[in-house]
Amino acid sequence: MKIFPTKTHSITLIVDSSVAISELQKKTLSDEQFVADWNKQIFIGKINDCEFELKLSKKVYGAFCVIKGKLENKNGILKVGINKNYKVVLTLLLLFPFIGFAISLIKNGFDNSIELIFPTIMFIVVLRFVFIEFGFRIISKNGLNKLNEVIGVREK
(Lines give C-alpha, C1' and ligand atoms only; values in the text may rest on other atoms or scores of the structure.)
Protein backbone atom coordinates (compact mmCIF):
# COMPACT_ATOMS: atom_id res chain seq x y z
CA MET A 1 0.00 0.00 0.00
CA LYS A 2 1.25 3.44 -0.90
CA ILE A 3 0.97 6.31 1.51
CA PHE A 4 0.07 8.79 -1.23
CA PRO A 5 -2.43 7.67 -3.88
CA THR A 6 -1.90 8.15 -7.63
CA LYS A 7 -4.08 7.49 -10.66
CA THR A 8 -3.21 6.90 -14.30
CA HIS A 9 -5.78 7.37 -17.06
CA SER A 10 -5.56 6.57 -20.75
CA ILE A 11 -7.77 8.96 -22.76
CA THR A 12 -8.98 9.49 -26.31
CA LEU A 13 -9.50 13.07 -27.47
CA ILE A 14 -12.42 14.29 -29.56
CA VAL A 15 -10.17 16.76 -31.38
CA ASP A 16 -6.50 16.63 -32.38
CA SER A 17 -3.91 17.09 -29.62
CA SER A 18 -2.68 20.43 -31.02
CA VAL A 19 -6.20 21.89 -30.76
CA ALA A 20 -6.60 20.47 -27.25
CA ILE A 21 -3.25 21.95 -26.16
CA SER A 22 -4.18 25.38 -27.54
CA GLU A 23 -7.52 25.28 -25.68
CA LEU A 24 -5.68 24.24 -22.55
CA GLN A 25 -3.26 27.15 -22.90
CA LYS A 26 -6.19 29.59 -23.08
CA LYS A 27 -7.58 28.28 -19.78
CA THR A 28 -4.26 28.00 -17.93
CA LEU A 29 -2.34 30.63 -16.00
CA SER A 30 1.43 30.24 -16.18
CA ASP A 31 3.13 28.79 -13.11
CA GLU A 32 5.76 31.55 -13.15
CA GLN A 33 3.25 34.42 -12.99
CA PHE A 34 1.85 35.79 -9.81
CA VAL A 35 -1.68 37.10 -10.12
CA ALA A 36 -3.90 38.22 -7.28
CA ASP A 37 -7.07 36.77 -8.82
CA TRP A 38 -6.37 33.17 -9.78
CA ASN A 39 -10.01 32.32 -10.35
CA LYS A 40 -10.11 33.90 -13.83
CA GLN A 41 -8.38 30.79 -15.22
CA ILE A 42 -9.33 27.18 -14.53
CA PHE A 43 -5.78 25.85 -14.17
CA ILE A 44 -2.30 26.96 -13.13
CA GLY A 45 0.66 25.16 -14.60
CA LYS A 46 3.17 24.54 -17.35
CA ILE A 47 2.30 23.50 -20.89
CA ASN A 48 4.86 22.39 -23.47
CA ASP A 49 4.28 21.12 -27.01
CA CYS A 50 2.52 17.90 -26.04
CA GLU A 51 3.07 17.65 -22.27
CA PHE A 52 1.54 19.56 -19.39
CA GLU A 53 1.54 19.77 -15.62
CA LEU A 54 -1.55 21.41 -14.13
CA LYS A 55 -3.27 22.10 -10.85
CA LEU A 56 -6.64 23.73 -10.19
CA SER A 57 -6.64 27.47 -9.61
CA LYS A 58 -8.75 27.25 -6.46
CA LYS A 59 -6.87 28.94 -3.62
CA VAL A 60 -7.57 26.56 -0.75
CA TYR A 61 -7.41 23.11 -2.28
CA GLY A 62 -6.42 23.59 -5.91
CA ALA A 63 -2.74 22.75 -5.54
CA PHE A 64 -3.38 19.50 -3.64
CA CYS A 65 -3.52 17.37 -6.81
CA VAL A 66 -1.24 17.71 -9.81
CA ILE A 67 -2.31 16.44 -13.22
CA LYS A 68 0.55 15.50 -15.55
CA GLY A 69 -0.34 14.58 -19.07
CA LYS A 70 1.04 13.77 -22.48
CA LEU A 71 -1.08 14.10 -25.61
CA GLU A 72 -0.20 12.60 -28.99
CA ASN A 73 -2.55 12.66 -31.99
CA LYS A 74 -5.92 11.80 -30.45
CA ASN A 75 -4.59 9.74 -27.53
CA GLY A 76 -3.17 10.72 -24.20
CA ILE A 77 -2.05 9.59 -20.79
CA LEU A 78 -2.91 11.45 -17.59
CA LYS A 79 -1.20 10.88 -14.24
CA VAL A 80 -2.77 12.40 -11.16
CA GLY A 81 -0.83 12.65 -7.91
CA ILE A 82 -0.43 14.73 -4.79
CA ASN A 83 1.73 17.86 -4.95
CA LYS A 84 5.23 17.55 -3.46
CA ASN A 85 4.66 20.35 -0.93
CA TYR A 86 1.57 18.62 0.41
CA LYS A 87 3.46 15.31 0.56
CA VAL A 88 6.06 16.89 2.84
CA VAL A 89 3.44 18.38 5.16
CA LEU A 90 1.41 15.17 5.28
CA THR A 91 4.53 13.09 5.93
CA LEU A 92 5.35 15.31 8.90
CA LEU A 93 1.78 14.89 10.17
CA LEU A 94 2.13 11.12 9.84
CA LEU A 95 5.40 11.20 11.81
CA PHE A 96 4.00 13.15 14.78
CA PRO A 97 2.27 10.15 16.42
CA PHE A 98 5.45 8.06 16.15
CA ILE A 99 7.52 10.85 17.67
CA GLY A 100 5.00 11.29 20.49
CA PHE A 101 4.95 7.57 21.19
CA ALA A 102 8.77 7.42 21.19
CA ILE A 103 8.98 10.34 23.64
CA SER A 104 6.42 8.63 25.88
CA LEU A 105 8.45 5.41 25.77
CA ILE A 106 11.61 7.25 26.79
CA LYS A 107 9.97 9.24 29.60
CA ASN A 108 7.47 6.73 31.00
CA GLY A 109 8.68 3.30 29.91
CA PHE A 110 6.82 0.66 27.93
CA ASP A 111 4.34 -0.34 30.65
CA ASN A 112 2.97 3.20 30.98
CA SER A 113 3.06 3.89 27.22
CA ILE A 114 1.27 0.78 25.99
CA GLU A 115 -2.08 2.57 26.15
CA LEU A 116 -0.87 4.99 23.43
CA ILE A 117 -0.42 2.30 20.77
CA PHE A 118 -4.09 2.23 19.72
CA PRO A 119 -4.53 6.04 19.46
CA THR A 120 -1.27 6.27 17.50
CA ILE A 121 -2.40 3.68 14.98
CA MET A 122 -5.89 5.18 14.75
CA PHE A 123 -4.50 8.67 14.06
CA ILE A 124 -2.39 7.32 11.20
CA VAL A 125 -5.27 5.26 9.75
CA VAL A 126 -7.73 8.16 9.92
CA LEU A 127 -5.25 10.62 8.40
CA ARG A 128 -4.36 8.26 5.56
CA PHE A 129 -7.73 6.75 4.69
CA VAL A 130 -10.06 9.62 5.55
CA PHE A 131 -8.24 12.88 4.89
CA ILE A 132 -5.65 11.93 2.27
CA GLU A 133 -7.72 9.37 0.33
CA PHE A 134 -11.03 11.22 0.26
CA GLY A 135 -9.33 14.55 -0.37
CA PHE A 136 -7.41 13.05 -3.26
CA ARG A 137 -10.49 11.39 -4.75
CA ILE A 138 -12.67 14.50 -4.58
CA ILE A 139 -10.07 16.99 -5.79
CA SER A 140 -8.67 14.74 -8.54
CA LYS A 141 -12.17 14.00 -9.83
CA ASN A 142 -12.94 17.72 -9.88
CA GLY A 143 -9.70 18.47 -11.73
CA LEU A 144 -10.21 15.70 -14.27
CA ASN A 145 -13.78 16.84 -14.94
CA LYS A 146 -12.56 20.39 -15.59
CA LEU A 147 -9.80 19.06 -17.84
CA ASN A 148 -12.32 16.93 -19.75
CA GLU A 149 -14.47 20.03 -20.32
CA VAL A 150 -11.52 22.00 -21.69
CA ILE A 151 -9.80 19.47 -23.95
CA GLY A 152 -12.77 17.25 -24.85
CA VAL A 153 -12.31 13.61 -23.93
CA ARG A 154 -14.19 10.58 -25.20
CA GLU A 155 -14.91 7.80 -22.77
CA LYS A 156 -12.36 5.01 -23.06
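That block above? That's the structure.
On a predicted model such as this, the values are computed, not experimentally measured, just so you know.

## Thoughts on the side chain of Glu133
And step 1. One can find Glu133 in helix H4 (residues 117–151).
And step 2. A polar side-chain atom of Glu133 sits 2.8 Å from a polar atom in the side chain of Arg128.
And step 3. Excluding residues within four positions of it along the chain, Glu133 makes contact with Pro5 and Arg128.

## Brief notes about the packing of helix H1 (residues 17–26) against H4
And step 1. The interhelical angle for the contact between H1 and H4, taken along N-to-C directions, is 120°, at an axis separation of 8 Å. With respect to their mutual orientation, H1 and H4 come out oblique. On H4, the residues touching Ala20, Glu23 and Leu24 of H1 are Leu147, Val150 and Ile151.
And step 2. Within the contact of H1 with H4, the residues separate by chemical class into five nonpolar, no polar and one charged.

## So, the side chain of Thr28
And step 1. Examined against the element boundaries, Thr28 turns out to sit in strand E2 (residues 28–30).
And step 2. Given the relative accessible area of 11%, Thr28 is considered buried.
And step 3. Only 2.6 Å separates the side chain of Thr28 from the backbone oxygen of Leu24, close enough to count as a polar contact.
And step 4. The contact partners of Thr28, leaving out residues within four places of it in the chain, are Gln41, Phe43, Ile44, Gly45, Ile47 and Leu54.

## Digging into the nonpolar core
And step 1. With 30 residues, the main nonpolar core has Leu24, Phe52, Leu147 and Ile151 as its most contacted residues.
And step 2. Considering each element in turn, this core owes the most residues, nine residues, to H4.
And step 3. The residues contacting Phe52, other than those within four sequence positions of it, are Ile21, Leu24, Lys46, Ile47, Ile67, Lys68, Gly69, Lys70, Leu71, Leu78 and Leu147.

## Section: a positive patch on the surface
And step 1. A surface patch of like charges, here positive, comprises Lys2, Lys68, Lys79, Lys84 and Lys87.
And step 2. Here Lys68 falls in the partly exposed class, since its relative accessible area comes to 43%.

Cut-off values and rules
Residues numbered from 1 in each chain as written. Predicted model: local features only at pLDDT ≥ 70, side-chain atom pairs only at ≥ 80, totals over all residues. Heavy atoms only, no water. Helix = DSSP H or I, 4+ residues; strand = E, 2+ residues; numbered from the N terminus. Polar contact = N/O pair within 3.5 Å; in protein donor to acceptor, adjacent residues only side chain to side chain. Contact = heavy atoms within 4.5 Å. Axes fitted to C-alpha atoms, helices over the stretch in contact; angles between N-to-C directions. Parallel < 35°, antiparallel > 145°, perpendicular 65-115°, else oblique. Nonpolar A, V, L, I, M, F, W, Y, C, P; charged D, E, K, R; others polar. Buried < 20%, exposed > 50% of the residue type's maximum accessible area, 1.4 Å probe, protein only. Core = buried A, V, L, I, M, F, W, Y, C linked by side-chain atoms within 4.5 Å. Patch = residues over 30% accessible without salt bridge, like charges linked within 9 Å, V, L, I, M, F, W, Y side chains within 5 Å. Areas by Shrake-Rupley, 256 points an atom, 1.4 Å probe, with all protein chains shown as cover. Salt bridge = Lys/Arg side-chain N within 4 Å of Asp/Glu carboxyl O. Lys, Arg positive; Asp, Glu negative; His and termini not counted. Charge placed at Lys NZ, Arg CZ, Asp CG, Glu CD.

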